[in-house]
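Working through the structure, step by step
Spelled out from the first residue to the last, the chains are:
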Amino acid sequence: MNRCLTSYGAGAVILVVACALPGCSDETAVERAAGAPPPNVAHRVPSDYPTIQAAIDAAALGDTVLVAPGTYTGPGNRNITFPIGSLVLMSEGGPSETILDCQGTDSSYQQGMTVTNGQDNIFIRGFTIKNAYAGSGAAIYISFASPDIRDCVFINNSAPIAGGAIWCKSGSPAIRRCTFIGNWSESGGAAFLNASGTSIFADCLFAYNDSGAAVWVNRSEAMPAMFCCNIFGNPEGDWVERIAGLESVNNNMSVDPRLCGDAAAGFRLEADSPCLPQNNACGRLIGAIELLCD
């Protein structure tokens, strides 16, 4: 059974995440109940609050922050933190229309988001996060927390130390239908997993991330569960190091995703892309890109 509810609209909340552990079949998914209650109040950006951080700061437990389509830059739309432990942060238009451009550089560190200290009921849905730059976990830095992240695109994020897009220590985030393209780090071009905790990557695409292996697991106890993931074209390795061998289970693959477009205009998929549901054994979208090439 593989249940998921995905909606980009007012009041939409995803209450169940279904994933599979290595060795499980399509029919034996492991469900993670999302602990957050339905939203009490929707805080809209930018109509109610000028920035994402302002809306989050005004929210109470269980509320939803809804972000309208657009490109968001500057203070309040980067280096985002979550002062409460139960919140839904969701775009109204999906990742192709809702972009957080962190505008970070090697001389101006600008992180996307930080989720820490037991914030296990943080739900992040439907954003593109790009051009973040931080020592570790440039797009999303996770420490002792287990957020739920879906339908996000991570492009051109850089972390000199570890985890170009995502860095996680002692947490078990669930990451589903996300796309990682062109991120960079010395260790874990796209993601770096450290210490304990079983992260879940389901229906994710990791393509052309540099310079460390796309997904780097620092300790065996941090081994992720990976299901229907495509890891391809990462210069320092695809299914290598501790995740070597996972390519052959759970319908994981290493196949050219058949992308067109670029980071500036946005990526799209060719009609024969293996990431499209009709072209893979999972029968589901792999990654967060749904638009087809012209």
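Keep in mind that this is a model prediction, so the values were computed, not measured.

Thresholds, definitions, all that
Residues numbered from 1 in each chain as written. Predicted model: local features only at pLDDT ≥ 70, side-chain atom pairs only at ≥ 80, totals over all residues. Heavy atoms only, no water. Buried < 20%, exposed > 50% of the residue type's maximum accessible area, 1.4 Å probe, protein only. Helix = DSSP H or I, 4+ residues; strand = E, 2+ residues; numbered from the N terminus. Pairing = 2+ DSSP bridges. Salt bridge = Lys/Arg side-chain N within 4 Å of Asp/Glu carboxyl O. Core = buried A, V, L, I, M, F, W, Y, C linked by side-chain atoms within 4.5 Å. Contact = heavy atoms within 4.5 Å. pLDDT = per-residue confidence, 0-100. Disulfide = S-S within 2.5 Å.

Of all five residues in strand β10 (residues 121–125), four are buried, a share of seventy percent or more. As paired elements, strand β7 (residues 86–91) and β10 share five bridges and run parallel to each other. By the bridge assignment, serine 86 is partnered in β10 with asparagine 121. Relative to strand β13 (residues 148–150), β10 is paired through three bridges, and the arrangement is parallel. Note on β13: the bridge partner recorded for phenylalanine 123 is aspartate 148.

Quick look at the sheet that holds strand β9 (residues 113–116) now. The strands making up a sheet are joined through hydrogen bonds of the backbone, oriented either antiparallel or parallel. Sheet architecture is open: six strands sit in the order β6-β9-β12-β16-β20-β24, paired in parallel fashion. Two strands close off the open sheet at either side, each with one partner strand: β6 (80–81) and β24 (215–217).

Attention shifts here to the sheet that holds strand β19 (residues 184–185). Reading across from one edge, β15-β19-β23 is the order of the three strands in this open sheet, with parallel pairing throughout. In this open sheet, the two edge strands, each paired with only one partner strand, are β15 (158–159) and β23 (210–211). Pairing of β19 with β23 involves two bridges; the strand directions are parallel. Residue pairing for β23: serine 185 is matched across the bridge by serine 211.

Right, let's get into the pattern of salt bridges. All chains considered together, the criterion is met by seven salt bridges. Two residues, aspartate 148 and arginine 125, come together in a salt bridge whose shortest N-O distance is 2.7 Å. In this pair, aspartate 148 sits in strand β13 while arginine 125 sits in strand β10, placing the two residues 23 residues apart along the sequence. Summarising the burial analysis for this pair, aspartate 148 and arginine 125 share the class buried. One salt bridge in this structure joins arginine 176 and aspartate 203, with 2.9 Å as the shortest N-O distance. Of this pair, arginine 176 sits in strand β17 (residues 174–176) while aspartate 203 is found in the loop between β21 (200–202) and β22 (205–207), placing the two residues 27 residues apart along the sequence. A single burial state applies to arginine 176 and to aspartate 203, both of which are buried. A cluster of three or more residues bridged by salt bridges with shared partners is formed by Arg176, Asp203 and Arg284.

This paragraph deals with the nonpolar core. In terms of nonpolar packing, the biggest core is built from 55 residues, with Phe82, Ile140, Phe154, Phe206 and Met226 touching the most fellow members. If you tally residues by element for this core, the top one is helix α1 (residues 52–58), at three residues. For phenylalanine 154, the residues in contact, after removing those within four places along its chain, are Ile129, Ala139, Ile140, Ile149, Ala165, Ile166, Cys178, Thr179, Phe180, Ile181 and Asn183. Counting residues in each nonpolar core, the second largest holds 14 residues, with Leu205, Phe267, Ala288 and Ile289 among its members.

Glancing now at the confidence of the model for the protein. In the predicted model, the protein carries a mean pLDDT of 88, and 86% of its residues have values of at least 70. Contacts from residues 1–37, a stretch scored under 50 in pLDDT, to residues over four places away or in other chains number 104 contacts.

Moving on, we get to the state of the cysteines. Tallying each qualifying case throughout the model produces two disulfides. Each sulfur in the disulfide pair cysteine 228 and cysteine 282 lies 1.8 Å from the other. Linking cysteine 228 and cysteine 282, the disulfide has an S-S dihedral of approximately -105° and is accordingly described as left-handed. Of this pair, cysteine 228 sits in the loop between β25 (225–227) and β26 (230–232) while cysteine 282 sits in the segment after β28 (266–269), and the two are 54 residues apart along the sequence. When its relative accessible area of 0% is taken as the criterion, cysteine 228 is described as buried.

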